[in-house]
Amino acid sequence: MAIEADTKDWTWVIGSACPDCGFDGAALAFRDVPAVLTDNAAAWPEQLARDDVRQRPDDRTWSPLEYGAHVRDVHRKMTERLRLVLAEDDPAFPNWDQDATAVQDRYDEQDPAVVSRELTDTARAAAAAFAAVPDDALGRTGRRSDGSVFTVATLATYYAHDPVHHLWDVRRTADRTE
């Protein structure tokens, strides 16, 4: 069964705490983002080794495997966007339909061990890319297709929320099935 597309604008997490997962974008310093990414990635292998890794808890929620594949791709996408912002003046980010990608790439059929390894590797690469940003580049901008403008610093905060929130999602589903 197809998951209903998430059409919410999550940019508010840059300056506010998420009432679900507790991530507080306003309290996150840019230089702390790499540690958030690597610490979060370290928790995913356990989730991707769950017996119910392919099971959706309901017909509106991805399985742990689907969330893991999505987080892996978010690491890739945000690293690409960071490189674009650092290379070009105020670039427009190519649109990315995360829900279409989940279907096209068959997240639900992927090998959980491969997803786990790739998620860890892409998180490390992203953390290194964000750690290497010089202070004088933090204000560089890029634009999403919906018109939302991000600086390097706000892109990092927005991005850090995604894996944190989705780890909360999969842990919450584990709590419901125990």
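Refer to the structure above for everything that follows.
The model shown is predicted, which means the values in this text are computed figures rather than measured ones. (Residues numbered from 1 in each chain as written. Predicted model: local features only at pLDDT ≥ 70, side-chain atom pairs only at ≥ 80, totals over all residues. Heavy atoms only, no water.)

### Some words on the state of the cysteines
Going through the model one piece at a time under the given rule, you end up with zero disulfides. Summary of cysteine pairing: Cys18 is not part of a disulfide, and the nearest cysteine sulfur, belonging to Cys21, is at 3.7 Å. Judged by its relative accessible area of 17%, Cys21 is buried. (Disulfide = S-S within 2.5 Å. Buried < 20%, exposed > 50% of the residue type's maximum accessible area, 1.4 Å probe, protein only.)

### Some words on the side chain of Asp169
Its location among the elements puts Asp169 in helix H5 (residues 152-177). Given the relative accessible area of 5%, Asp169 is considered buried. Reaching out from Asp169, the side chain makes a polar contact with the side chain of His166 at a distance of 2.9 Å. (Helix = DSSP H or I, 4+ residues; strand = E, 2+ residues; numbered from the N terminus. Polar contact = N/O pair within 3.5 Å; in protein donor to acceptor, adjacent residues only side chain to side chain.)

### Description of the nonpolar core
Residues Phe30, Val133, Val152 and Tyr159 are the most contacted members of the largest nonpolar core, which totals 28 residues. Going through the elements one at a time, helix H1 (33-48), helix H2 (64-87), helix H4 (112-131) and H5 are the ones with two or more residues in this core. Element by element, the count of residues in this core is highest for H5, at six residues. Counting residues in each nonpolar core, the second largest holds 17 residues, with Tyr67, Ala69, Ala102 and Leu167 among its members. (Core = buried A, V, L, I, M, F, W, Y, C linked by side-chain atoms within 4.5 Å.)

### A closer look at unusual backbone geometry
Unusually for a residue other than glycine, Asp90 sits at a positive phi of about 45°. Mapping Asp90 onto the fold places it in the loop between H2 and helix H3 (98-104). Even without being glycine, Arg106 reaches a positive phi, approximately 50°. Residue position: Arg106 is located in the loop between H3 and H4.

### A short note on H4
Working note: α-helix, 3.6 residues per turn, so residues spaced by three or four point in the same direction. Between its first and last C-alpha atoms H4 spans 28 Å; for 20 residues at 1.5 Å apiece the expected length is 28 Å, and the two agree. For H4, every residue scored as buried is listed here: Pro112, Val115, Ser116, Leu119, Thr120, Thr122, Ala123, Ala126, Ala127, Ala129 and Phe130. The distance from a side-chain oxygen at the start of H4 to the backbone nitrogen of Ala113 is 2.9 Å, and the residue carrying that oxygen is Asp111. (Expected span 1.5 Å × (residues − 1).)

### What to know about the pattern of salt bridges
Counting across every chain of the model gives 13 salt bridges. Measuring nitrogen to oxygen at the nearest pair gives 2.7 Å for the salt bridge that ties Asp52 to Arg50. A relative accessible area of 15% means that Asp52 is categorised as buried. Here Glu66 ties to Arg56 by a salt bridge, and the two come within 2.6 Å at their closest N and O atoms. Placement of the pair is Glu66 in helix H2 and Arg56 in the loop between H1 and H2, with a sequence separation of ten residues. (Salt bridge = Lys/Arg side-chain N within 4 Å of Asp/Glu carboxyl O.)

### Let's talk about the packing of aromatic side chains
This structure, assessed with the given rule, holds six aromatic pairs. Measuring from ring centre to ring centre gives 5.5 Å for Trp62 and Tyr67, while their planes differ by 70°; the resulting arrangement is edge-to-face. Judged by relative accessible area, Tyr67 falls into the buried class, the value being 10%. Each ring, one from Trp62 and one from Tyr107, has its centre 6.1 Å from the other, and the planes form 75°; the classification is edge-to-face. Taken together, the residues span a long stretch of sequence, with Trp62 in the loop between H1 and H2 and Tyr107 in the loop between H3 and H4 at a distance of 45 residues. The exposure classification of Trp62 matches that of Tyr107, with both residues buried. A network of ring pairs unites the aromatic residues Phe30, Phe130 and Tyr159 as a single cluster. (Phe/Tyr/Trp six-rings, centres within 6.5 Å; stacked < 30°, edge-to-face > 60°.)

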